[in-house]
Amino acid sequence: MTSLSVSLVRGAVTSPFKHPGRPGATLPTDRLTLPATPAAPGPLAAYRRICGFPATESGPGSGSGSASGPLPLTYPHVLAFPLTMRLMTARRFPLPVVGLVHTWIEIVARRPVQSDESLELTVYAEELTPHRRGTEVTMVTEARVAGALVWESRSGYLSRHATTAAGSTREADGSPALPAVAEWQLPGDLGRRYGAVSGDRNPIHLHPLTARLFGFPRAIAHGMWTVARCLAEADGQPGEIRSVRADFRAPVLLPATVTYAADPAGNAFALRSESSSGSRTGTGGGRVHLTGAVTRTS
């Protein structure tokens, strides 16, 4: 059993004993670290394929000996996710991992990270924030090469519970819908395929039967797959995108037909699908699953 699978089992066991919203709750101060090692070529190639990144790349910062070029911007997050899960399923972590909702992510690359560079990965919990739907925790991931910080991400995870406190929330802002760029057909087994590549085998992504246990009528796509797929579509020259902010608005039920939309410069983007419910929709009539924005090298 992989370390991530062990964490998922531990999370299922410990979650019933945790009480989100408890006054005076604090985060553990632990910083978990993976020793410096390069990305394994096979898993990296599989990740590129399922997310739509070019199989081999060259781009800003690539040396003549770097045949595969920069890592996809989202990949260090995937490499460090087992550490994140280990920390969030620890006894001292105050929120139950079962039911946590990934609400947003920010990633900044200080320079393009090459595929053959050895990355030291560190994960820690930064803060607990009141939210009108519960409590949100910010998790930080950092990647270093030879001691220098080259990449970092912050992610918000919401634990939903009854609360009377006013707090932060990130809802759709009602901006005009971005023009459609591409349409993607997402198969029903996408969650299982991405789970096999990323190691994230959360049952909500794997099968309708297991997803129903958590209130979803069908399996849902991984949020990190939707971000990565949008970045693969938005990236011009590999390594050109230096930062991204993405907000997860609504789950993508599989199978699905979704539309990738973006502004003419490709700096603001959204993922949406047709919906008759009228909820969480843009002015173009699509149910918005994800919104985001990127910055690029000048």
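Residues numbered from 1 in each chain as written. Predicted model: local features only at pLDDT ≥ 70, side-chain atom pairs only at ≥ 80, totals over all residues. Heavy atoms only, no water.

**A short note on the pattern of salt bridges**
Spelled out, the test is: Salt bridge, as applied in this entry: a Lys or Arg side-chain nitrogen positioned within 4 Å of an Asp or Glu carboxyl oxygen. Summary of the burial criterion: residues with accessible area below 20% of their type's maximum are buried, those above 50% are exposed, and those between are partly exposed, where the area comes from a 1.4 Å probe applied to protein chains only.
If you walk through the whole model with that rule in mind, you get 11 salt bridges. Linking Arg154 and Glu152 is a salt bridge whose minimum nitrogen-to-oxygen distance equals 3.5 Å. On the accessibility criterion, Arg154 (24% relative accessible area) is partly exposed. With relative accessibility at 14%, the residue Glu152 sits in the buried group.

**A few points about the confidence of the model for the protein**
Applied cut-off: A residue's pLDDT is simply how confident the predictor is in it, with values from 0 to 100. Residue contacts are counted whenever heavy atoms from the two residues lie within 4.5 Å of one another.
Model confidence for the protein is summarised by a mean pLDDT of 86, while 80% of its residues fall at 70 or above. Every residue in residues 61-67 is under pLDDT 50, and counting partners more than four places away or in other chains gives 10 contacts. A low-confidence stretch, residues 276-284 (pLDDT under 50), is modelled with 17 contacts involving residues beyond four sequence positions or located in other chains.

**Structural notes on the pairing of strand β4 (residues 134-145)**
Note the cut-off: Here a strand is any run of E in DSSP of at least two residues, a helix any run of H or I of at least four, and the numbering for each starts at the N terminus. Whether two strands pair depends on DSSP finding at least two bridges between them.
Across the 12 residues of β4, 11 count as buried, placing the element largely inside the fold. Turn length for the strand β3 (residues 119-131)-β4 hairpin, with the two strands adjacent in sequence and antiparallel, is two residues. Here β4 runs beside strand β5 (residues 148-160); their pairing, made up of 12 bridges, is antiparallel. Paired with Thr141 across the two strands is Ser153, which belongs to β5. Connecting β4 to the antiparallel partner β5 that follows it, the hairpin turn spans two residues, and Ala146 within it adopts a positive phi of roughly 55°.

**Digging into a nonpolar patch on the surface**
Rules: Patches here are clusters of residues that have more than 30% relative accessible area and form no salt bridge, with a 9 Å joining cutoff for like charges and a 5 Å cutoff for nonpolar side chains (Val, Leu, Ile, Met, Phe, Trp, Tyr). The Shrake-Rupley method, run with a 1.4 Å probe, gives the accessible areas here. Residue values count only the displayed protein chains as cover.
Together, Val98, Leu213 and Phe214 make up an exposed nonpolar region whose accessible area comes to about 290 Å². Within the fold, Phe214 resides in the loop between α5 (208-212) and α6 (223-234).

**Considerations on helix α3 (residues 75-88)**
Rule in force here: For a helix, the expected span equals 1.5 Å multiplied by the residue count minus one. One axis fitted to the seven residues ending at a residue, another fitted to the seven starting there: the angle between these axes is the bend at that residue.
Compared with the 20 Å implied by 1.5 Å per residue over 14 residues, the 20 Å span of α3 between its first and last C-alpha is a close match. Of all the bends in α3, the greatest, near 45°, is centred on Phe81, and the proline Pro82 appears no more than four residues after it. The buried fraction of α3 is high, at 12 of 14 residues. Buried within α3 we find Tyr75, Pro76, His77, Val78, Ala80, Phe81, Pro82, Leu83, Thr84, Met85, Leu87 and Met88.

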